[in-house]
Amino acid sequence: MNAQERYAYWMEKLSDEDPMKRELEEIRGNAEEITDRFWREIAFGTAGLRGICGAGTNRMNVLTVGRATQGIADYILASGVDPERGVAIAYDCRYHSREFSELAAEILAGNGIVSWLFPEMRPTPELSFAIRELGACSGINMTASHNPKEYNGYKVYWEDGAQVSGEISEGMSEKIAKIDLFDSPRRMPLDEAIKSGLVHILGEEMDRKYLDYVKSIAQRPDKDLNKAVKAVYTPLNGAGSIPVMTILRERGFSDVAIVPEQRDPDPEFTTVGYPNPEDPRGFACAEKLGRTIGAELLIATDPDSDRMAVEIRNGDGEYVPLNGNQTGALLIYYMAQARKEQGKLTGREMMIKSIVTGDFGRAVCEDYGIQTFEALTGFKNICGRIPELEKKGYRYFFGYEESIGCAPGEKVRDKDGVCAAMLVMEMAAYYKKNGMTLEDVLNEMYRKYGYYAEKEVSIVRKGEEGNREIRGIMERFRTEAPDAFAGTAIRGKVDYLQGYKDIPASNAMKFILEDGSWFCVRPSGTEPKIKFYYYSKKNSAKESADAIAALSDAVAEWVR
């Protein structure tokens, strides 16, 4: 069926009392809107489901969420996994998140599968932790992470605490695809499911276990720290508010102020609009408060608190954002120093980064004898490599990607903004006691390892036509890319479409230039955009920045 036919089918199937039918009545005759809502079925992709909330096959709603949950239940039952092990379910502050999480619990119960349901919003890393702590067979999180307010999402995890990938993801997708959206899933009312023991409500006991785990990741004792670091934290109205402030208080960081207007849940994200701490505009309120109290450091987590971003006060008193490559490299440097001094490095430690993450962290790891491995973009791929590498005798040290996400500990198999926030405060306190700021440390690292620069550019192309354009750009890179960009020859290409070495297939390409600069291009797995990642390393900050500018301009001109 095409978009118009799907629209007509929904109008026929939905009852007159269904709010979605009234919503679709309002767009009758609007071909563009109908096409956007119905040109495809929302894909079970990089992070499960992710899309705008509303009526339509290309939207997050009770039908698309219900079908996905029934398909996952079918997969669990067919896999031979004991359904009594259960599925852990969490959600964030977004519109419909609680509704979708309770719907998932009811459908699992209707299929005889136990679920462990958080009663209020919790951070994504706590869900990952809870899966392993409970011995659950799977996990579901209703969150759109850092996407705009119109979005919601459905992240799916397996028993190892990592997001599903490979055969498991494909198997779930096949089960979901066999179900018609209007086939009613097997479902048990929540109250009945709780009484029957098919739904268990999680609470403070799991919160405490998770926070104790986060504290166990501390790298240095209190005597090595100057905890008088003045900082500002914003959860961007999301799930990090209570756990981050609790862990910082328990660690003794008493001079941390929280942005009051971004402390409590707000699905509108009224004061920030786009709740992505990777975007410096997300720090506007934190910067204002920081200037008022004289903060040295600003920390932000996204709505589900898996991503964490940092701004530092430079020598001129201005707040400067650190990107994910810089923050990851700083944490690796700090943790490697600490463990070397404590005699805890064995030569079998592993660091895992994505294929689009820069090489700054790799350089630090090489200096400390830590082996670097790569994975496809997304923490389901980064953390998904941990079991295979552990079987080869490696011990997990750190995982990160350029999009301000890192996993500092082995028990959480996803980005952990709560743990990262604690470590950044500890790191700042350690260097403060030693008379250094984080800017001083970063400059020390540049002098030691070289001046790394990076730039990320995204081109947004929405809808069916945009999807075709993105596919066309990728095809041109594969078939028509020139032999040089910005006057520098290409000495190597990596096309991940058929897989590369020990990395599975993915729609991404990397181009390595003769001067060591490189860039990677790939369509986003969660948003209607194509992304470009540029990297350079030179003998000075200016040389590296100039190389990045010339390369990105040349690629952009060729794409145009």
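What comes next is a walk through the structure. Computed from a prediction, not measured in an experiment: that's the story for all the values here. Every chain is numbered independently, its residues counted from 1 as its sequence is written. With the structure being a predicted model, the display of local features is reserved for residues of pLDDT at least 70 and the display and counting of side-chain atom pairs for 80 or more, all residues being used for whole-chain, interface and lining totals. Only heavy atoms go into the side-chain values, all of them from the structure, while hydrogens and water stay out.

Broken down by element type, the protein chain carries 19 helices and 21 strands. Between the two quantities, the radius of gyration covers C-alpha atoms and the globule rule is 2.2 Å times the number of residues to the power 0.38. For the protein chain, whose C-alpha radius of gyration is 24 Å, the value lies close to the compact-globule estimate of 24 Å for 560 residues. Relative accessibility thresholds used throughout: buried, under 20% of the residue-type maximum; exposed, over 50%; partly exposed, between the two (1.4 Å probe, protein chains only). By the burial criterion, 57% of the 560 residues in the protein chain qualify as buried. The Shrake-Rupley method, run with a 1.4 Å probe sphere, supplies the accessible areas, and residue values consider only the shown protein chains as cover. Carbon and sulfur atoms make up 47% of the accessible area of the protein chain, which totals about 22,200 Å². Counted as positive: Lys and Arg. Counted as negative: Asp and Glu, with His and the chain ends omitted from the count. All charge positions are set by atom: Lys at NZ, Arg at CZ, Asp at CG, Glu at CD. The positive charge centre, built from 73 side chains, and the negative charge centre, built from 88, are 4 Å apart in the protein chain. The helix count covers DSSP runs of H or I at least four residues long, the strand count covers runs of E at least two residues long, and both are numbered beginning at the N terminus.

So, on to the side chain of Asn61. Positionally, Asn61 belongs in the loop between β1 (49-52) and α4 (62-79). The exposure class of Asn61 is buried, given its relative accessible area of 4%. From its side chain, Asn61 meets the backbone oxygen of Gly54 in a polar contact 2.8 Å long. Whenever two N or O atoms come within 3.5 Å, that pair is a polar contact, provided that in protein one can donate a hydrogen and the other can accept it, and provided that, for residues adjacent in sequence, both atoms are side-chain atoms. Side-chain polar atoms of Asn61 contact the backbone nitrogen of Thr64, separated by 2.9 Å.

So, on to empty space enclosed by the protein. Here a cavity denotes a set of grid points, spaced 1 Å apart and computed over the protein atoms alone, in which a 1.4 Å probe fits but from which it cannot get out, and a pocket denotes an open set meeting protein on both sides within 12 Å along at least five of seven lines; residues with an atom within 4 Å of a point are reported as lining. Grid points are joined across faces, edges and corners, and a volume is the space filled by probe spheres set on the points. Under the counting rule described, the total for this entry stands at 1 cavity of 30 Å³ or more. Along the wall of the largest cavity there are 13 residues; nearest its centre are Met308, Thr327, Ile404, Gly405 and Cys406. Considering every element that reaches the lining of the largest cavity, the biggest residue donor is helix α12 (residues 324-341), with 4 residues. Taken together, the residues that form the lining of the largest cavity break down as 6 nonpolar, 4 polar and 3 charged. Asp, Glu, Lys and Arg are counted as charged, while Ala, Val, Leu, Ile, Met, Phe, Trp, Tyr, Cys and Pro are counted as nonpolar; the rest, among them Gly, fall into the polar class.

Mapping Lys529 onto the fold places it in strand β21 (residues 529-538). Residues in contact with Lys529, not counting those within four places in the same chain, are Ser458, Ile459, Val460, Arg461, Ile470, Pro523 and Ser524. Two residues form a contact once any of their heavy atoms are found within 4.5 Å.

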